[in-house]
Amino acid sequence: MRSFAGRDILSLKDFERNEFFRVFEIAEKLEPIARNRKNTDLLKEKTLVTAFYQPSTRTRLAHEAAMIRLGGQVTGFSDAKNTRAGDFYLESIKDTVKMLEFYGDMIVMRHFQQGAPHEAAKWASIPVINGGDGWGEHPTQVLTDLYTVLREKGRIDGLKWLAVGDMRMRTMHSLGYALTQFDCPITFVSPPDMSLTDEFQDELKDFSLDYKIADHVEEAIADADVILVEPVVQPDYTKSRDERDADSDVGMTPDNYKITRELLSTKAKSDAILLHSLPRMDEIPVDVDITRWSRYWQEAFNGVVMRMALLALISGKME
Amino acid sequence: MRSFAGRDILSLKDFERNEFFRVFEIAEKLEPIARNRKNTDLLKEKTLVTAFYQPSTRTRLAHEAAMIRLGGQVTGFSDAKNTRAGDFYLESIKDTVKMLEFYGDMIVMRHFQQGAPHEAAKWASIPVINGGDGWGEHPTQVLTDLYTVLREKGRIDGLKWLAVGDMRMRTMHSLGYALTQFDCPITFVSPPDMSLTDEFQDELKDFSLDYKIADHVEEAIADADVILVEPVVQPDYTKSRDERDADSDVGMTPDNYKITRELLSTKAKSDAILLHSLPRMDEIPVDVDITRWSRYWQEAFNGVVMRMALLALISGKME
Amino acid sequence: MRSFAGRDILSLKDFERNEFFRVFEIAEKLEPIARNRKNTDLLKEKTLVTAFYQPSTRTRLAHEAAMIRLGGQVTGFSDAKNTRAGDFYLESIKDTVKMLEFYGDMIVMRHFQQGAPHEAAKWASIPVINGGDGWGEHPTQVLTDLYTVLREKGRIDGLKWLAVGDMRMRTMHSLGYALTQFDCPITFVSPPDMSLTDEFQDELKDFSLDYKIADHVEEAIADADVILVEPVVQPDYTKSRDERDADSDVGMTPDNYKITRELLSTKAKSDAILLHSLPRMDEIPVDVDITRWSRYWQEAFNGVVMRMALLALISGKME
C-alpha cells in the first residue's frame, strides 16, 4: 500500500480497497479524542490552509475542527468567489498555490471549477485535499459516509445501497468510484434531468459496479441497507426560510425522491440506516430525525473524525 | 446556587443575584491575565464555535480574544446573513446546531431572530451563549456593564442609573432584567417612537423595578451615578463617514439624548460614570473621551474579561 | 539604534540603515523555522489582531502564517470595507483601535485611506504594523523585497534597480524611501499617467536618491541587477479570468512595461533577479517562471519570514 504521508486526497478513483480500510482504522483510533471533546497536540507543529472559492461551511468547519482537535492551527480564506475584487479571482491556481504553500503544511481547497484541486496539487509542494470541485468529486464526504456505515453496521461489504439525489453532483461521483472497491450493489434514484451521465455510467461499467437506475424510492427501499439522500430541489434564494415555509404547506420535493417516516415504517428494513450530508430541504422531513433509521447526526460527528484521520495520515503523523 | 458548568447564557431574566456576583468574582480573578497581555492555558483543550448570523465585530472579537487569552481555540462563521447562498440561510437552527456541536465545546450565537439562541440551546449538547438575538437580549454586554460599575464605583447597589437610547433594543431588555436583582433606580430616556414597550414595562413592574421614564437627559442626569448611552439615530449607510461628517457641522442626535461635555460639567455628579458599548454616532462627542466621567474604554477592556469569566465558568474550568 | 520592542512599523522613511540590517539579521535567524515547516512557541503568549479594511489575502495570510509559525494566535476582521453595515465602516479609527487594543498584543492594519495606520498608532497602546494604506506605503512588502535581494545576491549596496509599475502606488513609495539608505541607483518605468508625483520626487531628491525615469523597460534592463515589477493594467472585474483570457490572445500590458522571456534572454544580465509581489496580470508571462531570473516564489516565502522577524522584534521577543 502506498504511504499516505505527503499524499494528496483528490479523488476516490485513486483509492484502493486496503487504503479505505487504513483510513477507517486511523479514524477509529482518533475517534475518542473527538468524543471526549479534548484538543490534543498530535499536529501542534502543523498549519492547515483553507482555500474555499465557494461558500462551504460544513466542509470547511469540519476540517478546521479536526485540525484544532489535533492541536494544529488554521489560516486561509473562505470567500474568494464572493469577493469579486479579491486577489484570487483574477489569479491562476498556480500563482495562488505557489503562495499558499508557504503559509502552512496542508491545503484543503473547494473550487467551483472541476479539477482545480488537481491543478493545485500539481504545483504545491504540500498535500492538497479536495474539499469539493465543481461537478467533480467530494472524496472526504464519501469517506465519511462509508466510515459511518462501517461504524453503524459493523461492515461495508454485502450491504445494498439506495442513493437519491442529483446524480450529476460530485458526491455521487465519489460514491460511485468508492463502491467499485466493495461488494455493494446500488440503486440510483433521481429526477430524469438529474440522472447519471453516460460518461460516468461508462466508467462505472468499466469498474464492474453492480448498479441499477430507478424512478421512485419505493422501487428500491425494501432491499436497502444504506439509504443516502441528497436534495433534488434547490431553495428559492429570493425568499427567507420563513417565507418559503409559509408559502405552501406541501413539501417541494416530489414523493419519488422523498424519504418519509411513513415510507420507512411501511417499506424499509428495520435495520437500514439513513444518511444525509446536510443541509436538507424537505427530502427528509424532520419527524424522521428521531426514528431508528436516522444516522445523519452521527455522520456529522464522523465528518470531524474522518478529517482528523486524513490530516493525521497525510501529515505523516500516523501511518 | 446552580452550577455554571455546562449552562447556557441566554437571558439575564435567568440570573439570580448571587449568580451575578459569582460571575463578577471570577472576572476579577481572571482580569490580571488580560491586563498582563499573556495568553494562558486554562482552556487549552477547548474550542469555541462562533455562529454569527448578523455582522458583529465587537461581540465576536471579544469572545474570540477571551478564548485565546485562556488558551482555547476558535472556529466558526461570522457572516451567515450576508451570504445568501450560504448553507445556514436555508437551514433550520436545529440542523445547524446538530452540526456545530461537533466542531467545538461552546457556541456563541448572534442571530437576527429573537429566540434563535434559545432554540439552539434546546438542541445543542454543549453550552450556548446568546451574543445578541434580534430585539431580544444581549446578556454578555450587560454583564460587562455591571462589572464595569462594580470595578469603577466599588459597588452596584444604591447607585442611580440613567439609560439613554432605543428602549426596544436588546441591550435595554437585558439591563432591565438585570437591575431587578439590585437596588438600582433607573430613568429611561428615549425618543417617543423608541420607548419601552408596554409588554416589557409590565415585566419590569412584575419584578418591582424602580424605574421612571423621561423625555430629556437633563431631567435625570443630576441624580445619576451611572449614565449608560446608546445611539438613537442610525447612520446614513449610503454615505461614507467622511461624507457624513462633511454634510453638516451640527450633530445628528437631538439634544434630548446627547451627553455633551458641557452638560456633564454643569449638571452631572462629579463622580458619575459614563458607559457606551460603542460604536457611537454623535450621542457622546469625542471631547468627552478625556473627561473624568468617561469609562467606555474600561468597559471595552472589561468586555474581554467578562467573556473570559463566562467561558471559564460554563466550561466548568472555574467554579 | 532604537529598540524595536513596542515600536510601530508604519513607514520606511522612519528606518535607518542599521535598522534594516537588524531586521534582515533576525529574519535570517528565523528562516529555518519556516523552511522546516514547524510551528514553534516563541510568541505563544501573544495575539495578533488583523484589521483589514481592504481586501488583501497575501499580506493578511503572510502575517497570520508568520504569527502561527511563531506559536502565536490571530483574531480580527478581513472584510470591513465590503461590509457596509459593519460596525467599522461608521466608526472612527480612534474608537475602533481603543477597542482592538484589548483583543491582542499587536495590530496589522490595511486601510483604503492613506495615514489610517498612523492614526491608529497614535491611539493604540500596542504596536501597529502598516499592511498598506491607500496611496501611502507598504513597508512590510518592501522589507521582504530587500531581504530577498540580500538572500539571493548576497548584498544590497552597489546593485542597480529597475522598477516597473504604477509609480503612485504605496509599494513604490516605500521602495523609494528604503533605497535612500543604500547605494542603489534606480530607474523607474511607468505609463505617463502613472508616473512619480512631483511631491514624491522632491522627497527623493532631498534624500539624494540616485534615480532616473524612463519610458521603456528596454532602456534600463541591461544594467539592472534587480528588476521589480508591478501591474500597470487593472483587470476587467466584470469578466472572469477565463472570459478575459478568451477575449484576446494578445497581452493587455504594453511592451514598454512587460518583462518577457525573450527580453530577459537577449537584454538582461544573466544574474539579474526578477521580483513581483503578485498577483500579476500579464506583465510577467508564465513562461518566465522557470527561468534563471525569476525569484518571486522565493519572495513569497520570504514574505512569511519577514513578518516573523517583525513580529518577533516589535513584541520584544527578539532584539
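No experiment lies behind these values; they were computed from the predicted model shown.

1. A look at the overall build of chain A
Inference 1: Helices and strands together make up the secondary structure of chain A, namely ten helices and nine strands.
Inference 2: Its C-alpha atoms give chain A a radius of gyration of 19 Å, near enough to 20 Å, the size a compact globule of 319 residues would have.
Inference 3: Principal axes of the C-alpha set define a box for chain A whose edges measure 55 × 45 × 40 Å.
Inference 4: The burial tally for chain A puts 55% of its 319 residues in the buried class.

2. Here's the deal with the domain arrangement of chain A
Residues and elements named next belong to chain A.
Inference 1: Segmenting chain A into domains produces domain 1 (12-137 + 302-314) and domain 2 (139-299).
Inference 2: A C-alpha centroid distance of 25 Å is found between domain 1 and domain 2.
Inference 3: Taken together, the contacts link 23 residues of domain 1 with 21 residues of domain 2.
Inference 4: Elements that contribute at least two residues to the side of domain 1 that touches domain 2 include exactly α1 (17-35), β4 (128-133) and α10 (296-314).
Inference 5: When grouped by side-chain class, the residues that make up the side of domain 1 that touches domain 2 number ten nonpolar, six polar and seven charged.

3. Digging into the pairing of strand β7 (residues 211-214) of chain A
Each regular strand displays side chains that alternate between the two surfaces of the sheet.
Residues and elements named next belong to chain A.
Inference 1: The pairing of strand β6 (residues 186-189) with β7 spans four bridges and is classified as parallel. Bridged to V189 within β7 is A214.
Inference 2: Once the chain exits β6 it traverses helix α7 (residues 198-206) before rejoining the sheet at β7, and the crossover so formed is right-handed.

4. Quick look at the sheet that holds strand β4 (residues 128-133) of chain C
Whether parallel or antiparallel, the strands of a sheet pair through hydrogen bonds between backbone atoms.
All names here are of chain C.
Inference 1: The strand order across the open sheet built from four strands is β2-β1-β3-β4, with neighbouring strands paired in parallel fashion. Each edge of the open sheet is held by one strand with a lone partner, namely β2 (73-77) and β4. Neighbour to neighbour, the strand axes of the sheet diverge by 15° on average, direction disregarded.

5. Looking at the environment of L143 of chain A
Residues and elements named next belong to chain A.
Inference 1: Relative to the helices and strands, L143 is located in helix α5 (residues 139-153).
Inference 2: Taking the C-alpha atoms as reference points, L143 and Q73, 70 residues apart in sequence, are found 23 Å from one another.
Inference 3: Apart from the residues within four sequence positions on either side, L143 is in contact with V23 and M306.

6. Focus: the nonpolar core
Inference 1: Ranked by internal contacts, the top residues of the largest apolar core, which has 303 residues, are I107 of chain A, I107 of chain B together with I107 of chain C.
Inference 2: Not counting residues within four places of it along the chain, the set of residues in contact with I107 of chain A comprises V49, A51, L100, A120, A124, I126, V128 and I129 of chain A.

7. Concerning the pairing of strand β2 (residues 73-77) of chain A
All names here are of chain A.
Inference 1: Counting buried residues along β2, five of its five residues qualify, which places the element largely inside the surrounding structure.
Inference 2: By the alternation rule, side chains of β2 split into Q73, T75 and F77 and V74 and G76, which are all buried.
Inference 3: The pairing of strand β1 (residues 47-52) with β2 spans five bridges and is classified as parallel. Bridge pairing links T50 to G76 in β2.

8. With respect to the packing of helix α5 (residues 139-153) of chain C against helix α6 (residues 170-179) of chain C
Residues and elements named next belong to chain C.
Inference 1: Put simply, α5 and α6 touch, their axes get as near as 8 Å, and they point 55° apart. Comparing the axis directions of α5 and α6 gives the class oblique. The element α5 and its partner α6 pack so that their crossing is right-handed. In this structure, α5 uses P139, Q141, V142 and L146 to contact α6, whose residues at the interface are T171, S174, L175 and A178.
Inference 2: Among the residues making up the contact of α5 with α6, the classes are represented as five nonpolar, three polar and no charged.

9. Considerations on unusual backbone geometry
Inference 1: L278 of chain A connects to P279 of chain A through a cis peptide bond whose omega is 5°.
Inference 2: Of note in the backbone geometry, L278 of chain B takes a positive phi value of approximately 60° without being a glycine.
Inference 3: When you line up the elements, L278 of chain B lands in the loop between β9 (273-276) and α10 (296-314).
Inference 4: A tally of 21 C-beta atoms within 10 Å means that L278 of chain B is categorised as buried.

10. Side note on the sheet that holds strand β5 (residues 161-164) of chain C
Residues and elements named next belong to chain C.
Inference 1: Judged by pairing direction, the sheet is parallel, and its five strands sit side by side in the order β7-β6-β5-β8-β9 without closing on themselves. Each edge of the open sheet carries a strand with a single partner, namely β7 (211-214) and β9 (273-276). Neighbour-to-neighbour, the strand axes of this sheet turn through a mean angle of 20°, independent of strand direction.
Inference 2: Contacts between α5 and the sheet are confined to β8 (226-229) and β9, with β9 contributing the most and set at about 155° to the helix.

11. Looking at the environment of M67 of chain A
Residues and elements named next belong to chain A.
Inference 1: Looking at the element boundaries, M67 is found in helix α2 (residues 58-69).
Inference 2: Here M67 falls in the buried class, since 28 other C-beta atoms lie within 10 Å of it.
Inference 3: Separated by 15 residues in sequence, M67 and F52 have C-alpha atoms that sit 16 Å apart.
Inference 4: Those residues in contact with M67 that lie beyond four places of it in its chain are L43, L48, G72, V74 and L311.

12. Some words on the packing of α1 of chain A against α5 of chain A
Residues and elements named next belong to chain A.
Inference 1: α5 packs onto α1 with a crossing angle of 70° between their chain directions and a minimal axis gap of 11 Å. Taken together, the axis directions place α1 and α5 in an arrangement best described as roughly perpendicular. Handedness of the crossing formed by α1 with α5: right-handed. Within the contact between the two elements, α1 uses F20, V23, F24 and A27 and α5 uses L143, L146, Y147 and L150.

13. Points about helix α4 (residues 116-123) of chain A
Residues and elements named next belong to chain A.
Inference 1: Within α4, burial applies to A116, P117, A120 and A121. The buried residues of α4 occupy an angular sector of 140° when the element is viewed end-on, so they sit on one face.
Inference 2: Of the surrounding secondary structure, the elements contacted by the buried residues of α4 are α3 (93-100), β3 (106-111) and β4.

14. Observations regarding α10 of chain B
Residue and element names in this part refer to chain B.
Inference 1: With 19 residues, α10 extends 26 Å from end C-alpha to end C-alpha; this agrees with the ideal 27 Å at 1.5 Å per step.
Inference 2: At N302, α10 shows its maximal kink, close to 25°.
Inference 3: For α10, the buried fraction is high: 17 of the 19 residues fall into the buried class.
Inference 4: With its phi angle positive at about 80°, G316 sits one or two positions after the end of α10.

15. Concerning the confidence of the model for chain A
Detailed reading of the predicted coordinates is not advisable wherever pLDDT is low.
Inference 1: Counting all residues, the mean pLDDT for chain A is 92, and 91% of those residues have values of 70 or more.
Inference 2: Across the predicted assembly, pTM comes out at 0.94 and ipTM at 0.93.

16. So, the environment of R261 of chain C
Residues and elements named next belong to chain C.
Inference 1: Structurally, the position occupied by R261 is in helix α10 (residues 261-267).
Inference 2: For the pair formed by R261 and D287, sequence separation is 26 residues and the distance between their alpha carbons is 6.8 Å.
Inference 3: In this structure R261 touches P285, D287, V288 and T291, once residues within four positions along its chain are discounted.

What counts and how
- Residues numbered from 1 in each chain as written.
- Chains lettered and ligands numbered in written order.
- Predicted model: local features only at pLDDT ≥ 70, side-chain atom pairs only at ≥ 80, totals over all residues.
- Helix = DSSP H or I, 4+ residues; strand = E, 2+ residues; numbered from the N terminus.
- Rg over C-alpha atoms; globule rule 2.2 N^0.38 Å.
- Buried ≥ 20, exposed ≤ 12 C-beta atoms within 10 Å, placed from the backbone.
- Domains from an automatic or database assignment.
- Contact = placed C-beta atoms within 7 Å.
- Nonpolar A, V, L, I, M, F, W, Y, C, P; charged D, E, K, R; others polar.
- Pairing = 2+ DSSP bridges.
- Right-handed = clockwise from strand over helix to strand, strands pointing away.
- Axes fitted to C-alpha atoms, helices over the stretch in contact; angles between N-to-C directions.
- Core = buried A, V, L, I, M, F, W, Y, C linked by C-beta atoms within 7 Å.
- Parallel < 35°, antiparallel > 145°, perpendicular 65-115°, else oblique.
- Left-handed = near helix turned anticlockwise from the far one by under 90°.
- Arc of directions from axis to C-beta.
- Expected span 1.5 Å × (residues − 1).
- Bend = angle between axes of the 7 residues up to and from the residue.
- pLDDT = per-residue confidence, 0-100.

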